[in-house]
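These are the residues of each chain, in order.
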Amino acid sequence: MVLEGRIIKGIGGFYYVDAASTLYECRARGLFRKQGRTPLVGDIVDIEPIQEKEETAYLVDIHERKSCLIRPAVANADQVVLIFSVMNPSPRRELIDRFLVNMEMQDIETVLCISKADLDEKGDDISELRKVYDNAGYKTLCISNKTGEGLDDLKDILRGKMTVLSGPSGVGKSSLINSITEEYRMEVGGISEKIGRGKNTTRHAEIIPIDEESLIIDTPGYSSIDVMCKEEGELQHYMREFREMLGGCRFTGCAHISEPDCVIKEAVKEGKISEKRYKSYVDLYEEIKSKRRY
């Protein structure tokens, strides 16, 4: 008997599949290793229950994916919500911009969610953050798990979709999940006083239902991200606000750093492109170039 289900989490070589209203603990057949295929959280799969052991099965096939992310490694997600806090811990722009480049490379829509909005009493920090990323072409919203601000707007964004929740440790992701789900309760971590960063309470990717039509994939927090781009010349295509201007520079192979008559640098001077985003671009360009060289 073959059942169809979805992988909701994977731990230590075991895959937990929701099929026929039962959660099965599954091992993947050796065929997957020979074919170089790796099951991912979010995959729709076929399983064969083991008659001698209840709620256990072999994973025998993976259905075609409509999307596949490498970092984080999940399948069939419709969108990503990147969560970062306005303070405690303070937002790290280089981390945000690295993540956005990776999501652009993987061609998945990303929404930016600024958490702990109640800590910014004057709203100046939030306004500055939203201005940078709104102008870059991203949808942004503010939330507070403490006051409930923005939670209804976030639920609207999540409704009817499978959404990856991603973000650094300590930004309130676990508290957010507790706020938008009725039955699921996650351990909430604090902030390390020594390093000023969050303590990670999520150790593996896991699907959590919000309602019958809406799913979120919780993923572990992080303190660093490697950008996936291998060639520095490709980076310009993954800066969303650059795209409409590409091809307008004097030189065909313009890197938008030291060349004259560069439309990107001119847009930065005119305030059409954020200086902070442009700095991220330059830093990433030089980093990719240096890695490729060595």
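Undergrad: Before we move on, could you go through the overall build of the protein and cite the residues and values that matter?
TA: Each helix and strand in the protein was counted, giving seven helices and 13 strands. Here the C-alpha atoms of the protein give a radius of gyration of 21 Å, agreeing with the 19 Å that 2.2 N^0.38 yields for 294 residues. For the protein, the spread of C-alpha atoms along the three principal axes comes to 70 × 45 × 35 Å. Within the protein, the proportion of its 294 residues that are buried is 50%. Per element, the accessible surface of the protein, about 15500 Å² overall, is 45% carbon and sulfur.

Undergrad: How would you sum up the side chain of Arg98? Please name residues and give values.
TA: Secondary-structure assignment places Arg98 in helix 2 (residues 93–105). Given the relative accessible area of 14%, Arg98 is considered buried. Setting aside residues no more than four positions away along its own chain, Arg98 makes contact with Ile225, Asp226, Val227, Leu284 and Glu287.

Undergrad: Let's hear about the state of the cysteines: which residues, and what values?
TA: For the structure shown, the criterion picks out zero disulfides. There is no disulfide at Cys249, and the cysteine sulfur nearest it, in Cys254, is 3.9 Å away. Cys249 sits in the buried class, given a relative accessible area of 13%. Counting only cysteine sulfurs, Cys254 is the nearest neighbor of Cys262, a cysteine outside any disulfide, at a range of 3.8 Å. The class of Cys262 is buried, set by a relative accessible area of 6%.

Undergrad: Go over the confidence of the model for the protein with me, naming the residues and quoting the values.
TA: When pLDDT is averaged across the protein, the result is 91; 93% of the residues are at 70 or more. Mean pLDDT across the elements of the protein ranges from a minimum in helix 1 (residues 30–35), with 80, to a maximum in helix 6 (residues 263–269), with 98. Ignoring residues within four places in sequence, the model shows residues 190–200, a span with pLDDT below 50, making 23 contacts including any to other chains.

Undergrad: Talk me through the nonpolar core; I want residue IDs and the actual numbers.
TA: In terms of nonpolar packing, the biggest core is built from 46 residues, with Ile47, Leu59 and Ile217 touching the most fellow members. Here this core gets five residues from one element, more than from any other, and that element is helix 2. With residues near it in sequence (within four places) discarded, Ile47 still touches Met1, Val2, Leu3, Val17, Ala19, Tyr24, Cys26, Ala57, Tyr58, Leu59 and Val60. If you look at the next biggest cluster of nonpolar residues, it comprises 21 residues, including Cys229, Cys249, Ala255 and Ile273.

Undergrad: Describe the side chain of Glu241, naming the residues involved and giving the relevant values.
TA: Tracing the backbone shows Glu241 in the loop between strand 13 (215–218) and helix 6. Here the side chain of Glu241 touches Arg277 through a polar contact of 2.8 Å, side chain to side chain. Discounting chain neighbours no more than four positions away, the residues touching Glu241 are Asn135, Ala136, Ile273 and Arg277.

Undergrad: Which residues make up the pairing of strand 10 (residues 139–142), and what are the values?
TA: Looking at chain direction, strand 9 (residues 110–115) and strand 10 are connected through four bridges and run parallel. The residue bridging Val111 from the neighbouring strand is Lys139, located in strand 10. Handedness of the crossover joining strand 9 and strand 10 through helix 3 (residues 124–135): right-handed.

Undergrad: Describe the environment of Ile177, naming the residues involved and giving the relevant values.
TA: Along the chain, Ile177 falls in helix 5 (residues 173–180). Taking the relative accessible area as the measure of exposure, Ile177 reaches 0% and is therefore buried. On a C-alpha basis, the gap between Ile177 and His63 in space is 28 Å, while along the polypeptide they are 114 residues apart.

Rules used in this analysis
- Residues numbered from 1 in each chain as written.
- Predicted model: local features only at pLDDT ≥ 70, side-chain atom pairs only at ≥ 80, totals over all residues.
- Heavy atoms only, no water.
- Helix = DSSP H or I, 4+ residues; strand = E, 2+ residues; numbered from the N terminus.
- Rg over C-alpha atoms; globule rule 2.2 N^0.38 Å.
- Buried < 20%, exposed > 50% of the residue type's maximum accessible area, 1.4 Å probe, protein only.
- Areas by Shrake-Rupley, 256 points an atom, 1.4 Å probe, with all protein chains shown as cover.
- Contact = heavy atoms within 4.5 Å.
- Disulfide = S-S within 2.5 Å.
- pLDDT = per-residue confidence, 0-100.
- Core = buried A, V, L, I, M, F, W, Y, C linked by side-chain atoms within 4.5 Å.
- Polar contact = N/O pair within 3.5 Å; in protein donor to acceptor, adjacent residues only side chain to side chain.
- Pairing = 2+ DSSP bridges.
- Right-handed = clockwise from strand over helix to strand, strands pointing away.

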